[in-house]
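# A structural walkthrough
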Amino acid sequence: MAARVLRRLPRVKPFNRLQVILQHLKMSKQTDSTAEVLLEKRGGAGIITLNRPKALNALNFSMIQQIYPQIKTWEKDPETFLIIIKGTGGKAFCAGGDIKAITDAGKAGSRLAQDFFRAEYSLNNAIGTCKKPYVALIDGITMGGGVGLSVHGHFRVATEKTVFAMPETAIGLFPDVGGGYFLPRLSGKMGCFLALTGFRLKGRDVLKAGIATHFVDCEKLPALEKDLIALKSPSTENIADLLNSYHAKSKVDQEKEFVLDEHTEKINSIFSANSVEEIVKKLKQDGSPFAVKQLETLNKMSPTSLKITLRQLREGASMSLQDVLRMEYRLSQACLKGHDFYEGVRAVLIDKDQSPKWRPAALEEVTDEFVDNCFKPLGSNDLKL
């Protein structure tokens, strides 16, 4: 390890060099508080803590490279009975993937652009197929890549601070990380609505939409975690019972109606249309304040992303998680070759002018042939799970 570190270090005085090596080795410790992800075993629980609070715990490549093998190790370990994942800082569980790094890599033609999605989707699959109960404490912002780290596991515990969204169509991407699997499996056309508009769900609404499995008051999370760790040889049933007991005691926003309740019928009717153009037409015909607002939102999104997303969800509805992730890997590579992803990231995350210039600029200009090409197999470059 030290030899590898030495080769990478700049030329400095021997004493300073030793200090740098020691600092690097310290940073390599997974339980060090400055590490981007903390991996520890407490009792029978493996605990993953996303530790980039200033970046809202955004998921980067090195974090994925640490989390994936650890989940696989704990899965085989007879002394590990459950896995808990959480975020630090109080604002976010995980606000998404490190999109800026991916766009920089894509522009430079770096392999990171391919490797990131390959590794991230493999991690999503590891969570979705994990044989040990997996509990995600989705307190705070949970978007994009953060959804991929939580939604495929056995349990997702939301709090009054949870904010869920899949906002990818606004940056020229699509709701990936297995979005094509879980979104079409939500009630009615809720998943299609959330995917195309990037609509944000907050607090108890994340539970009511079917994304979270439980709701617990934010201040009770430390006690819940302690009780989960204290369980002796727990089964999925024991864990469910404990989560249910906390869920039953939660009173925050208990009486509040689901934010989309009065619009559910409209969502199911409008978003069941066969094309994005037809959805837009139905929203125009409806003319209600809700429909007008969704129309305004869709008009800001990448037309290419909207068309890819609708098809992704249509196809994903009858696919396994593995097949969905393979399909999404193909789509990710198509987006990296195109224009809108880079332009969307520029407008939303870099310059923040919120005025992306999409190409093509209109839905009618995004041909079926172009969309078909995005879904084509990549041969030996396809994602292998």
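That block above? That's the structure.
This is a predicted model, so every value here is computed, not measured.

### What to know about the sheet that holds strand β4 (residues 92-94)
- Reading across the sheet, the 4 strands line up as β4-β6-β8-β9 and stay open at both edges, with mixed pairing between neighbours. Whereas interior strands pair on both sides, the edge strands pair on one side only; in this sheet they are β4 and β9 (201-202).
- Bridge count for strand β6 (residues 141-143) against strand β8 (residues 163-165) is 3 bridges, and the pairing is parallel. Directly across from Ile141, in β8, lies its bridge partner Val163.

### Observations regarding the environment of Phe375
- Here Phe375 is to be found in the segment after α18 (368-374).
- Judged by its relative accessible area of 8%, Phe375 is buried.
- Separated by 43 residues in sequence, Phe375 and Ser332 place their C-alpha atoms 9.8 Å apart.
- Among residues more than four places away in sequence, those in contact with Phe375 are Ile308, Arg311, Gln312, Glu315, Met327, Arg330 and Leu331.

### Considering the packing of aromatic side chains
- In this structure the tally under the stated criterion is 7 aromatic pairs.
- Seen in terms of ring centroids, Phe116 and Phe117 are 5.9 Å apart; in terms of plane orientation they differ by 90 degrees. Their pairing is edge-to-face.
- By relative accessible area, Phe116 is classed as buried at 3%.
- Residue Phe117 is classed as buried on the basis of its relative accessible area, which comes to 1%.
- Considering the side-chain rings of Phe193 and Phe271, the 5.4 Å spacing of their centres and the 80 degrees angle between planes classify their relative orientation as edge-to-face. In this pair, Phe193 is assigned in helix α8 (residues 190-197) and Phe271 in the loop between α12 (264-270) and α13 (276-286), connecting sequence segments 78 residues apart. A single burial state applies to Phe193 and to Phe271, both of which are buried.
- Cluster of aromatic residues (ring-pair linked, three or more members): Phe193, Phe199, Phe271 and Phe290.

### Observations concerning the pairing of strand β2 (residues 45-50)
- For β2, the tally of buried residues reaches 6 of 6 residues, placing the bulk of the element in the interior.
- Here β2 shows a buried face lined by Ala45, Ile47 and Thr49 and a second buried face lined by Gly46, Ile48 and Leu50.
- Linking strand β1 (residues 37-42) to β2, which pair antiparallel, is a turn of 2 residues; within it Gly43 sits at a positive phi near 60 degrees.
- Both β2 and strand β3 (residues 82-87) contribute to a ladder of 6 bridges, which runs parallel. In the strand pairing of β3, Leu50 is matched with Gly87.
- Traced from β2 through helix α3 (residues 61-76) to β3, the parallel crossover comes out right-handed.

### Overview of unusual backbone geometry
- Looking along the chain, the bond that leaves Arg359 and enters Pro360 is cis, with omega of -5 degrees.
- Residue Leu56 is not a glycine yet carries a positive backbone phi of 55 degrees.
- Position of Leu56 relative to the elements: it lies in the loop between β2 and α3.
- The phi angle at Gln354 is positive, at roughly 55 degrees, despite the residue not being glycine.
- In this fold, Gln354 is placed in the loop between α17 (340-350) and α18.

### Comments concerning helix α15 (residues 303-316)
- The first and last C-alpha atoms of α15 sit 20 Å apart over 14 residues, in line with the 20 Å expected at 1.5 Å per residue.
- The buried fraction of α15 amounts to 11 of the 14 residues, a majority that puts the element mostly inside the structure.
- Considered for burial, the residues of α15 that qualify are Pro303, Thr304, Ser305, Leu306, Lys307, Ile308, Thr309, Leu310, Gln312, Leu313 and Gly316.

### Notes on the nonpolar core
- Counting 90 residues, the largest nonpolar core has Ile48 and Leu50 as the members making the most contacts within it.
- The element that contributes the greatest number of residues to this core is helix α16 (residues 321-337), accounting for 8 residues.
- For Leu50, the contacting residues outside a window of four places in its chain are Glu36, Val37, Asn57, Met63, Ile67, Ile85, Lys86, Gly87, Thr88, Phe93, Cys94 and Leu149.
- Membership of the second largest hydrophobic core comes to 18 residues, among which are Leu82, Ile84, Leu137 and Ala240.

### Comments concerning the sheet that holds strand β10 (residues 214-215)
- Spatial ordering of the open sheet is given by β1-β2-β3-β5-β7-β10, a layout of 6 strands whose pairing is mixed. Strands with a single pairing partner mark the edges of an open sheet, and in this sheet they are β1 and β10.
- Bridge count for β1 against β2 is 6 bridges, and the pairing is antiparallel. Paired with Arg42 across the two strands is Ala45, which belongs to β2.
- Lying over the sheet, helix α10 (residues 221-230) contacts β1, β2, β3, β5 (134-138) and β7 (155-158), oriented at roughly 160 degrees with respect to β3.

### Some details on the packing of α15 against α16
- Axis separation between α15 and α16 bottoms out at 10 Å; the angle between their running directions is 165 degrees. Considered as vectors, α15 and α16 are oriented roughly antiparallel to each other. Here α15 and α16 pass one another in a crossing that is right-handed. Facing α15, whose interface residues are Ile308, Gln312, Glu315 and Gly316, α16 presents Val324, Met327, Glu328 and Leu331.

### What to know about the pattern of salt bridges
- Under the criterion given, the structure shown has 17 salt bridges.
- Between Lys266 and Asp286 there is a salt bridge, with its nearest N and O atoms 3.4 Å apart. Here Lys266 is found in helix α12, whereas its partner Asp286 is found in helix α13, with 20 residues between them in sequence.
- Residue Asp286 is classed as partly exposed on the basis of its relative accessible area of 31%.

How each quantity is defined
Residues numbered from 1 in each chain as written. Predicted model: local features only at pLDDT ≥ 70, side-chain atom pairs only at ≥ 80, totals over all residues. Heavy atoms only, no water. Pairing = 2+ DSSP bridges. Helix = DSSP H or I, 4+ residues; strand = E, 2+ residues; numbered from the N terminus. Buried < 20%, exposed > 50% of the residue type's maximum accessible area, 1.4 Å probe, protein only. Contact = heavy atoms within 4.5 Å. Phe/Tyr/Trp six-rings, centres within 6.5 Å; stacked < 30°, edge-to-face > 60°. Right-handed = clockwise from strand over helix to strand, strands pointing away. Expected span 1.5 Å × (residues − 1). Core = buried A, V, L, I, M, F, W, Y, C linked by side-chain atoms within 4.5 Å. Axes fitted to C-alpha atoms, helices over the stretch in contact; angles between N-to-C directions. Parallel < 35°, antiparallel > 145°, perpendicular 65-115°, else oblique. Left-handed = near helix turned anticlockwise from the far one by under 90°. Salt bridge = Lys/Arg side-chain N within 4 Å of Asp/Glu carboxyl O.

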